[in-house]
Amino acid sequence: MRLLIIVFLLAVIFSPFNAQASTACKDLDMADAEAIKACLESDTTWYEARTKPMFEPNKECSHLQTQVVKRQIESVDPKKGKRVNSKTLDDQSIPRPSCETVAEVVELIHGRPSAWQPCLGYDEAADKLTHFKGCIVPFLEGRYGSDTNAALSRVSGMDCKRALATYGQALGLIYPPIQEQGPFLGRRLPSSYADPDCDQVNAYVAEIKQDVEKARQEQIRIAEAAKAERKRIKEEMAQEAYERKKNMIEAQRKYEEADQKAMDQMMAAGLESRKNREDPKDVIEGKHLHLALVKHIWDQRPEEEKGFGGIKAVLKHTTHGFRTWGNAPMMPNFYHAVKDVSIKDCSVNNGKGHCTYTVTVSSSSEYKDANNQARANFYGQFASAFTGPRTYTWESDFTHDGKQWTVDLTDEQRKLLLPPEIDVSNSRSEQEKIDCDYMSAMGIPMLC
């Protein structure tokens, strides 16, 4: 009995199509790319792992047509669908999407069409050389995922034989093998295919080569001009180093101040809304605990602004705690926040509550220095290593003040809500120890 259940479950899991797939694929319009994509996606078991990669832009049209036909037939007759293979398309009576539609499906799935899409319509093209020119460069772009300049560069290095081979490769992804006797028997080409004239192909390649060389020379000219401009700026900066540095520092201060004030204004509405929010008396949720704890931080760290000369240091409240900023190089911006509150248990009765919960508090420092941002980034990482996330589990009483919930914290809990204090005396003693060791190493008798 257990074996039968396992077999049944495996059959359900690995069934090629579920009921949803059958609905999406049963009456499939082979000219509707959106409908075909929906049919493919309905096979949720294999779409991401197998079907989607299968429809990548470099796969030949007939292979993708076969996959669509297989899924459509499986939706009606799963056993018959399993017998679908590459020879199924030999039966012209079987409906299948056109290569134009297949290219659209590929584009819907991957954001870009099949690499061979620009090479469609050979038989309809009045001028075959024009078709060749319109095919080869875009095909190379799609095949290698490169830009037009890279594709043109590839073509510029080709002779006629290689260019025709590339053209044939593109067409071979669209057309079935030629069945009629002739020079192209068995090759995947249009039945009416004829090689473009090599003189015309070589002339086209020569034009591209000339254009590529002009572009290369232009790039060299631009690079040399940029180099000359950099040299001019460097010499100018060397002559005016002191004044420019002074102006840059002042501009940086003004920019920092304007940037931070803009951020404060942007956050003001949300902060004001949070401070004035009215919470229910009969319910305590994580967001209510979060605001109650943040209000303790606001009480302990009121907003303030200090300045001396052109230097400013500002502390501003945020919806999760507070932030500081200064407009001088290497003055850190400091961020402190209640990151997360998770309730374990709460009892609420008539505006009173008692909760057990976990709270995560985190601080970080961001240093800035227009002259040496790499050094500033290092100091920021170094400082933040001592003030990262800390999680505590607390049990507290809560009271609704008529508007919002407030929390009764111990002095120790209020302290833990703030950034950790730096033990200056300890760091001083550590420095004295280092100095003592240094003097001893120099041969000076020391009592360390």
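Quick caveat, the model's predicted, so the values are computed rather than measured. Numbers given for residues are sequential positions, taken from 1 along each chain in its written order. The predicted nature of this model means local features are confined to residues of pLDDT at least 70 and side-chain atom pairs, given and counted, to a pLDDT of 80 or more, with totals for whole chains, interfaces and linings taken over all residues. Hydrogens and water are ignored here; the side-chain numbers use all heavy atoms of the structure.

Notes on the confidence of the model for the protein chain
The quantity called pLDDT is the predictor's confidence in a given residue, expressed from 0 to 100. When the pLDDT values of the protein chain are averaged, the result is 84; 86% of them are 70 or greater. Low pLDDT (under 50) marks residues 1–20, which in the prediction has 14 contacts with non-local residues, meaning those over four places away or in another chain. In what follows, a contact means two residues having at least one pair of non-hydrogen atoms within 4.5 Å.

Concerning the state of the cysteines
Only a pair of cysteine sulfur atoms within 2.5 Å counts as a disulfide in this structure description. Here the structure, examined in full by the defined rule, presents five disulfides. A sulfur-sulfur distance of 2.0 Å marks the disulfide that ties Cys119 to Cys135. Linking Cys119 and Cys135, the disulfide has an S-S dihedral of approximately 80° and is accordingly described as right-handed. Residue Cys119 is located in the loop between helix H7 (99–110) and helix H8 (128–144), and its partner Cys135 is located in helix H8; the two are separated by 16 residues in the primary sequence. Helix and strand assignments follow DSSP, with helices taken as H or I runs no shorter than four residues and strands as E runs no shorter than two, numbered in order from the N terminus.

Some remarks on the environment of Glu104
Tracing the chain through its elements places Glu104 in helix H7. In this structure the C-alpha to C-alpha distance between Glu104 and Ala33, which are 71 residues apart in sequence, comes to 6.0 Å.

Topic: the sheet that holds strand S7 (residues 405–408)
A pair of strands is considered paired only if DSSP assigns at least 2 bridges between the two. Spatial ordering of the open sheet is given by S1-S2-S3-S4-S5-S6-S7, a layout of seven strands whose pairing is antiparallel. The sheet is open, and its two borders are formed by strand S1 (304–308) and S7, each paired with just one other strand. Each strand of the sheet is rotated relative to its neighbour by a mean of 25°, with strand direction disregarded. In this structure, strand S6 (residues 390–400) lies alongside S7, joined through four bridges in antiparallel fashion. Each residue of the ladder has a partner; that of His400, found in S7, is Trp405. The strands touched by helix H13 (residues 286–300) are strand S2 (311–318), strand S3 (321–326), strand S4 (333–349), strand S5 (352–366), S6 and S7; relative to S4, the strand with the most contacts, the crossing angle is about 135°. What counts as an axis is a line fitted to C-alpha atoms, over the stretch in contact for a helix, and the angles between N-to-C directions run from 0 to 180 degrees.

So, the nonpolar core
Take the buried residues of types Ala, Val, Leu, Ile, Met, Phe, Trp, Tyr and Cys, join any two whose side-chain atoms come within 4.5 Å, and each joined set is a nonpolar core. Per-residue accessibility, obtained with a 1.4 Å probe over protein chains only, is compared with the maximum for each type, and a residue is labelled buried under 20%, exposed over 50%, and partly exposed between these values. Counting 51 residues, the largest nonpolar core has Phe55, Trp116, Phe132 and Ile136 as its most contacted members. Listing elements by their share of this core, those giving two or more residues are helix H3 (33–41), helix H4 (47–54), helix H5 (61–76), H7, H8, helix H9 (148–156), helix H10 (160–172) and helix H11 (198–239). It is H8 that contributes the most residues to this core, seven residues altogether. In this view, Phe55 contacts Leu40, Leu64, Gln67, Val68, Val105, Val106, Ile109 and His110; residues no more than four positions away in its chain are not counted. In this structure, Val338, Tyr357, Leu409 and Leu417 belong to the second largest nonpolar core, which totals 26 residues.

Description of the side chain of Arg323
Mapped onto the secondary structure, Arg323 falls in strand S3. Classification of Arg323 as buried rests on a relative accessible area of 2%. Setting aside chain neighbours within four positions, we find Arg323 in contact with Gln260, Met263, Asp264, Val314, Leu315, Lys316, Thr318, Phe334 and Tyr335.

Points about H11
Across its 42 residues, H11 extends 61 Å between first and last C-alpha, which sits within 8% of the 62 Å expected from 1.5 Å per residue. When we look at burial in H11, the residues that qualify are Val201, Tyr204, Val205 and Ile208. On the buried face of H11, the contacting elements are H8, H9 and H10. For this analysis, a polar contact is any N or O atom pair within 3.5 Å, provided that within protein one partner can donate a hydrogen and the other can accept it, and provided that sequence-adjacent residues contribute only side-chain to side-chain pairs. By the N-cap criterion, in which a side-chain oxygen at the helix start approaches the backbone nitrogen of a residue two or three places on, H11 is capped by Asp197, the distance to Asp199 being 3.0 Å. Expected helix span is computed as 1.5 Å times (number of residues minus one).

Remarks on the pairing of S4
Working note: regular strand, side chains alternate between the two faces of the sheet. Sheet analysis places S3 next to S4, joined by four bridges and oriented antiparallel. By the bridge assignment, Thr324 is partnered in S4 with Phe334. Note that S4 and S5 share 15 bridges and pair antiparallel. Its bridge partner lying in S5, Ser342 is registered against Thr358.

Section: the pattern of salt bridges
One speaks of a salt bridge when a side-chain nitrogen belonging to Lys or Arg is within 4 Å of a carboxyl oxygen belonging to Asp or Glu. One pass over the full model with this rule turns up eight salt bridges. A salt bridge links Arg232 to Glu236, with the shortest nitrogen-to-oxygen separation between them at 3.1 Å. Taken as a pair, Arg232 and Glu236 lie in helix H11 at a separation of four residues, close to a single helical turn. On the basis of relative accessibility, which here comes to 39%, the residue Arg232 falls in the partly exposed class. A cluster of three or more residues bridged by salt bridges with shared partners is formed by Glu229, Arg232 and Glu236.

Quick look at the pairing of S1
The buried fraction of S1 amounts to zero of the five residues, a small share that puts the element mostly on the outside. Where S1 lies against S2, five bridges are found, and the strand directions are antiparallel. Within S2, the position partnered with Gly307 by the bridge is Lys312. Connecting S1 to the antiparallel partner S2 that follows it, the hairpin turn spans two residues, and Gly309 within it adopts a positive phi of roughly 65°.

Quick word on the environment of His320
Tracing the backbone shows His320 in the loop between S2 and S3. Separated by 20 residues in sequence, His320 and Asp340 have C-alpha atoms that sit 9.4 Å apart. Each residue touching His320, except ones within four places of it in the same chain, is listed here: His290, Val294, His336, Ala337 and Val338. A polar contact of 3.0 Å, which involves the side chain of His320, links it to the side chain of Thr319.

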